[in-house]
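Residue-level listing of the chains:
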Amino acid sequence: MRKQCEIRVNNTIYGGKCPFCGNNSDPYFPLAVFKKGTYEAVCHDCARKYAPAMADAAIMAQKEVQRLNGEAAYYKRKLRQILKIAEDYDGPACDIDDGDLPF
Ligand SMILES: [Zn+2]
């Protein structure tokens, strides 16, 4: 029987067992490959074997999220450094309003 898959947003934290081979599925995030019509995430090997284009898309999405998270962490560090400089500023008085920063 043909293994049918679909790619969807992965809103499951854990993967469980692959419905095709029984290995741990370790699903991609934020998109994962599932057995069609189920919430059973397919493992990486089976995704590449039975739905290579979906596996590629899921890998691309995961790499993009990792890249964006890295960028966000970089800018958070930079903003903290700038705030520290502003707090340590010893010149004429100024007000610092950091209430709108997202961290
Ligand atoms: Zn599998």
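Residues numbered from 1 in each chain as written. Predicted model: local features only at pLDDT ≥ 70, side-chain atom pairs only at ≥ 80, totals over all residues.

Describe the overall build of the protein chain, naming the residues involved and giving the relevant values.
Within the protein chain one finds two helices and two strands. If you list the helices and strands of the protein chain from N to C, you get β-β-α-α. The buried share of the protein chain, reckoned over its 103 residues, is 17%. Sequence separation of 24 or more characterises 45% of the internal contacts of the protein chain that already satisfy a separation of 6 or more. (Helix = DSSP H or I, 4+ residues; strand = E, 2+ residues; numbered from the N terminus. Buried ≥ 20, exposed ≤ 12 C-beta atoms within 10 Å, placed from the backbone. Contact = placed C-beta atoms within 7 Å.)

Describe in detail helix α2 (residues 52-88), supporting the description with residues and values.
In this model α2 runs 54 Å from its N-terminal to its C-terminal C-alpha over 37 residues, within 8% of the 54 Å that 1.5 Å per residue would give. By the criterion of burial, α2 is predominantly exposed, with just three of the 37 residues buried. The secondary structure elements touched by the buried residues of α2 are β1 (5-9), β2 (31-35) and α1 (44-50). (Expected span 1.5 Å × (residues − 1).)

Tell me what's going on with the confidence of the model for the protein chain, and back it up with residues and numbers.
Atom-level detail of predicted coordinates should not be read off regions where pLDDT is low. On average, residues of the protein chain carry a pLDDT of 89, and 88% of them reach 70 or more. When mean pLDDT is compared element by element in the protein chain, α1 scores highest at 96, while α2 scores lowest at 94. (pLDDT = per-residue confidence, 0-100.)

Give me the nonpolar core: which residues, what numbers.
Among the nonpolar cores identified, the biggest contains 15 residues, and C5, V33, V42, A47, M54 and A58 are the most heavily contacted of them. Breaking this core down by element, the ones donating at least two residues are β2, α1 and α2. Setting aside chain neighbours within four positions, we find A58 in contact with I7, Y28, L31, A32, V33 and A47. (Core = buried A, V, L, I, M, F, W, Y, C linked by C-beta atoms within 7 Å.)

Can you break down the environment of L31 residue by residue, with the values?
Tracing the backbone through its elements, the reader meets L31 in strand β2. L31 sits 29 residues away from M60 along the chain, and the two C-alpha atoms are 9.3 Å apart. Those residues within four positions of L31 in sequence are excluded, and the remaining contacts are I7, R8, V9, N10, A57, A58 and A61.

Before we move on, could you go through the environment of G16 and cite the residues and values that matter?
For G16, the position within the fold is in the loop between β1 and β2. Through-space distance from the C-alpha of G16 to that of V42 is 9.2 Å; in sequence the pair is 26 residues apart. In this view, G16 contacts S25, E40 and A41; residues no more than four positions away in its chain are not counted.

Outline unusual backbone geometry, supporting the account with residue identities and numerical values.
Each neighbour pair has its own omega, and for F29 with P30 the value is 10°, a cis peptide bond. Here P30 is to be found in the loop between β1 and β2. Even without a glycine there, the phi angle at D26 is positive, about 40°. Following the sequence through the fold, D26 ends up in the loop between β1 and β2. With 14 C-beta atoms counted inside 10 Å, the residue D26 sits in the partly exposed group.

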